[in-house]
Amino acid sequence: MDTTNTTVVTRTIREVFAMPSDAQVEIRPQAHPLVPRNNPHFTFAKESLRKLLMWVAGALAEPGLWVSGPTGAGKSSLIEQFSSRLNIPVFRVPCTGRTTLDDLLGGMQISQARGMHWVDGPIIAAMRIGGVLLLDEWDLVSPSESTGLNTILDGAPVLIKSTGEYVVAHPDFRVAATGNTFGWSDASHAGYRAVQKQNLASLDRFASLSVTYLDEATEIVVLTKTVPDVAPIAEQMVQIANKVRGDFISGVGTEKLSNVISTRGLIRWARATVAFSAVAALDTSFVAAIEGLRFALLDKWPKHEAEAVLTAYEAITGTKVRR
Ligand SMILES: Nc1ncnc2c1ncn2[C@@H]1O[C@H](COP(=O)(O)OP(=O)(O)OP(=O)(O)O)[C@@H](O)[C@H]1O
Ligand SMILES: [Mg+2]
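These numbers come from a predicted model, not from an experiment.

Scoring rules and cut-offs
Residues numbered from 1 in each chain as written. Chains lettered and ligands numbered in written order. Predicted model: local features only at pLDDT ≥ 70, side-chain atom pairs only at ≥ 80, totals over all residues. Helix = DSSP H or I, 4+ residues; strand = E, 2+ residues; numbered from the N terminus. Buried ≥ 20, exposed ≤ 12 C-beta atoms within 10 Å, placed from the backbone. Contact = placed C-beta atoms within 7 Å. Core = buried A, V, L, I, M, F, W, Y, C linked by C-beta atoms within 7 Å. Near = placed C-beta within 6 Å. Nonpolar A, V, L, I, M, F, W, Y, C, P; charged D, E, K, R; others polar. Pairing = 2+ DSSP bridges. Axes fitted to C-alpha atoms, helices over the stretch in contact; angles between N-to-C directions. pLDDT = per-residue confidence, 0-100. Expected span 1.5 Å × (residues − 1).

**Observations regarding the overall build of the protein chain**
For the protein chain, the helix and strand inventory stands at 13 helices and 11 strands. With the principal axes as the frame, the protein chain shows a C-alpha extent of 70 × 45 × 40 Å. Going through the 323 residues of the protein chain one by one, you find that 36% of them count as buried. In the protein chain, of all internal contacts separated by at least 6 residues, the share reaching a separation of at least 24 is 68%.

**Some points on the nonpolar core**
Among the nonpolar cores identified, the biggest contains 77 residues, and Val67, Val132, Leu134, Leu223 and Met237 are the most heavily contacted of them. A total of 7 residues in this core trace back to one element, the largest contributor, which is helix α10 (residues 234–250). Setting aside anything within four residues of it in sequence, one finds Leu134 in contact with Ser76, Ile79, Val90, Phe91, Arg92, Val93 and Ala176.

**A short note on unusual backbone geometry**
Phi angles above zero are rare outside glycine, and Asn87 is one such case at about 65°. Looking at where Asn87 falls in the secondary structure, it is placed in the loop between α3 (75–86) and β4 (90–94).

**Overview of the site of ligand 1**
Near ligand 1 you find 18 residues, and of these Gly74, Lys75, Ser76, Ser77 and Arg264 are the closest. The class makeup of the residues in the shell around ligand 1 is 5 nonpolar, 11 polar and 2 charged.

**What about the sheet that holds strand β11 (residues 207–210)?**
Each strand in a sheet pairs with another by means of backbone hydrogen bonds, the pair being arranged parallel or else antiparallel. Read from one edge of the open sheet, 5 strands run β4-β7-β10-β3-β11, paired in parallel fashion. Edge positions in the sheet fall to β4 and β11, since each of these pairs with one other strand and no more. Shown here is a sheet whose adjacent strand axes are inclined to one another by a mean of 20°, direction ignored. Where strand β3 (residues 64–68) lies against strand β10 (residues 174–179), 5 bridges are found, and the strand directions are parallel.

**Looking at the confidence of the model for the protein chain**
In this model, the protein chain carries a mean pLDDT of 91, and residues with pLDDT of at least 70 account for 93%. pLDDT under 50 marks residues 1–5. Its contacts with residues more than four places away, or in other chains, come to 12 contacts.

**A few points about α3**
A rise of 1.5 Å per residue sets the reference length of α3, with its 12 residues, at 16 Å; its end C-alpha atoms lie 17 Å apart and thus fit the reference within 8%. Counting buried residues along α3, 10 of its 12 residues qualify, which places the element largely inside the surrounding structure. Every buried residue belonging to α3 is among Lys75, Ser76, Leu78, Ile79, Glu80, Gln81, Phe82, Ser83, Arg85 and Leu86, and all of these are buried. Remark: Asn87 follows α3 within two positions and exhibits a positive phi of approximately 65°.

Have a look at this one:
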């Protein structure tokens, strides 16, 4: 399907992203099946939105954007939700240490109807229609493979060796690589296993966008909108998550945590709390928020780290936790 911008619709940033600006943005007219589903509770940080709008408008004259930040902070969803608002199809690829460039380009397949034929992989498919290629965990990929993307990031046509076809990228084609590092093997935490130091020439082809956890006020709003039933305790939940994040990122000695409560984990905790509330009445000593915290997060953490979170819970909520 072609999603070229023949009859582009324009709307204000206020209408599309719920941000205070009357600047116009272009929205593609056709809904492609790979346009991500809208999450109405997604909240855009002003700085990220500004950079994404420049990137998609072609202001950088290069397609590549590297999005880095801690787990569950909202990197993949930022690209998806931004694209969703503008009706841009996203070709999302989960990458691993075994991902190869050839896999991403496509391959020959055999079928009764067509015999041997070429099938586009995500790179070629996104290039043809001007979609966003979202390469998740791109810093896990072997540098010898990731460097193969260089000519594509330069905007050059790509040769499909099996068919001899040169594919020229649509002007709206974009590449977003996400990772917990910026490819320097600079993981701020040893828990980000298997990241690989990337080739300098490859890194040089990306603009960069840092995503951090939401500020307290915004995260309370996101949590309350996503799981309205936790509204009365949302502020305390976010404060506990922020205490854990502080100890995860910059704790020292025994206070250094190897686990973190991400926005993803916080939402899971909220959902578990609501689900447990339905059965809380069966046992008067049962506190849904604590059981939700254990079920959603702590039961898989080392005991001393779970204990540190429960101590923070007691300090912030004033509720004694039954051990
Ligand atoms: N700005 C935000 N507004 C609303 N929800 C958010 C926001 N950021 C993150 N979330 C929530 O957190 C979840 C996790 O985000 P996401 O998967 O994008 O994280 P990530 O940074 O890509 O993590 P990872 O490094 O583990 O891949 C999202 O599905 C969404 O529910
Ligand atoms: Mg991600």
